[in-house]
Amino acid sequence: TLLAPQTTHAILPTAAIDIFLPDVSVSDAITLYASQASFGGDVAAYNHRHSHFEEAGSSGKSRIDGIGVVPAFPPSDDEYLCNESDGLVDYSNKQVDVTYVRSALLVPRGQCSFERKALSAQRLGASAIVIYGTLSSRYSLNYTNSTACVDEGEGCDGDAKTRTDYTLGEVLWPQDKLDYDCDFGKAYLPSLDGLDFTKMPGGYNMQNDGMLMGRSENNLCVKHDAAAPGEGTSFASGCESQRCLVTGNNVTGSDGSVKYEACCAWDLHVWLYGDSSIHATD
């Protein structure tokens, strides 16, 4: 299901992605606006983007064999495409998988730099990469080794990125005004049951999304809206992104019960900067 906010500000529209469905004419293409990365080659000029599809001619199809790319996802054990950045795998020595030939990898934001993701996609054999915004990118973990290394020198990497016993106390929560704004919608969740912020890698479990997005009461922030009926701006009407972030701030009621604050996620553009740690030889 594609959940499209009423208004989107999360991109600087410097590029466009045309989506052509099988056996659908060019005129019925779906166009998504995107922000072009500050690294890598230039994309085709906007007014030239359909020119190579006109070769499909009288067939009425939107694309011809060998033209364009097809969507694909990262390896199942590397959903953020950051394992190479973390030193867990080396795709430069991996045989190219035909799955990724002439593909555009669809990769969630977060856990490593944009250019690291792009480099891994290139090494896998992909022709392009599309990085999309996620709630998960606003969370992280305070990575620490569970035990001290006997030898702190070379070869002592520890288990900070592989251990599975992190707790909520080690979560790095989203930041007020940078990631969310409670003035556009706030909720107090009675519990965090069903939500997971310590799943590896990265901490945030993307299965949380289904409970923190949308305008219906399937969104816990709509269901537990802090605004009293008829008073103030409701989460459903005030939060344009339709998404909420658990802030890590807790409130204790008079009865001793703990409630968990969650607020409207910002929908602001992000510039895809390069990674200065990557060299031309990479």
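Residues numbered from 1 in each chain as written. Predicted model: local features only at pLDDT ≥ 70, side-chain atom pairs only at ≥ 80, totals over all residues. Heavy atoms only, no water.

> Please set out the packing of aromatic side chains residue by residue, giving values where relevant.
Counted under the stated rule, the structure contains seven aromatic pairs. Each ring, one from tyrosine 139 and one from phenylalanine 197, has its centre 5.3 Å from the other, and the planes form 40 degrees; the classification is tilted. Of this pair, tyrosine 139 sits in the loop between β5 (128–132) and β6 (140–141) while phenylalanine 197 is found in the loop between β8 (180–189) and α2 (220–223), placing the two residues 58 residues apart along the sequence. Residue class for tyrosine 139 comes out buried when judged on its relative accessible area of 4%. Taken together, the aromatic side chains of Tyr139, Trp173, Phe197 and Tyr204 make up a single cluster linked through ring pairs. The positively charged end of arginine 163 is found above the aromatic ring belonging to tyrosine 166, 4.1 Å away from the centroid. (Phe/Tyr/Trp six-rings, centres within 6.5 Å; stacked < 30°, edge-to-face > 60°. Helix = DSSP H or I, 4+ residues; strand = E, 2+ residues; numbered from the N terminus. Buried < 20%, exposed > 50% of the residue type's maximum accessible area, 1.4 Å probe, protein only. Lys NZ or Arg CZ within 6 Å of the ring centre and 35° of its normal.)

> Account for the side chain of threonine 134, naming residues and giving values.
Within the element layout of this structure, threonine 134 appears in the loop between β5 and β6. In terms of polar contacts, threonine 134 uses its side chain to reach the side chain of serine 136, at 2.9 Å. Look past the residues within four positions of threonine 134 in its chain and what remains in contact with it is Pro108 and Arg109. (Polar contact = N/O pair within 3.5 Å; in protein donor to acceptor, adjacent residues only side chain to side chain. Contact = heavy atoms within 4.5 Å.)

> Can you explain the sheet that holds strand β3 (residues 70–72)? Please cite residues and give values.
One open sheet holds the three strands; their spatial order is β3-β4-β5, and the pairing between them is parallel. Since the sheet does not close on itself, it has two edges, and those belong to β3 and β5, each with one partner. Strand-to-strand twist across the sheet, computed as the mean angle between neighbouring axes with direction ignored, equals 30 degrees. Relative to β5, helix α1 (residues 114–124) is tilted by about 145 degrees, and along the sheet it contacts β4 (103–108) and β5. (Pairing = 2+ DSSP bridges. Axes fitted to C-alpha atoms, helices over the stretch in contact; angles between N-to-C directions.)

> Give me the nonpolar core: which residues, what numbers.
With 28 residues, the main nonpolar core has Tyr139, Leu189, Leu195, Phe197, Phe235 and Val246 as its most contacted residues. Listing elements by their share of this core, those giving two or more residues are β8, α2, β9 (244–252) and β10 (258–265). Ignoring sequence-local partners within four residues, the contact set of leucine 195 consists of Leu189, Asn208, Met211, Leu212, Leu220 and Val246. With nine residues, the next largest nonpolar core counts Ala72, Tyr91, Val107 and Ala121 among its residues. (Core = buried A, V, L, I, M, F, W, Y, C linked by side-chain atoms within 4.5 Å.)

> Any details on the state of the cysteines? Residues and values, ideally.
Tallied over the entire structure, the rule returns four disulfides. Residue pairing for cysteine 239: its cysteine sulfur links by disulfide to cysteine 264, the two sulfurs lying 2.1 Å apart. Here the S-S torsion is close to 85 degrees, and the disulfide linking cysteine 239 with cysteine 264 is therefore right-handed. Separated by 25 residues along the polypeptide, cysteine 239 in the loop between α3 (235–238) and β9 and cysteine 264 in strand β10 bring together distant segments of the chain. Both residues of the pair, cysteine 239 and cysteine 264, count as buried. (Disulfide = S-S within 2.5 Å.)

> Describe the sheet that holds β8, listing the residues and the values that go with them.
Taken together, three strands build an open sheet; the order of strands is β8-β10-β9 and the sheet is antiparallel. One side of each edge strand has no neighbouring strand; the edge strands of this open sheet are β8 and β9. The sheet shows a mean angle of 30 degrees between the axes of neighbouring strands, direction not considered. Relative to β10, β9 is paired through six bridges, and the arrangement is antiparallel. Across the sheet, valine 246 pairs through a bridge with alanine 262, a residue of β10.

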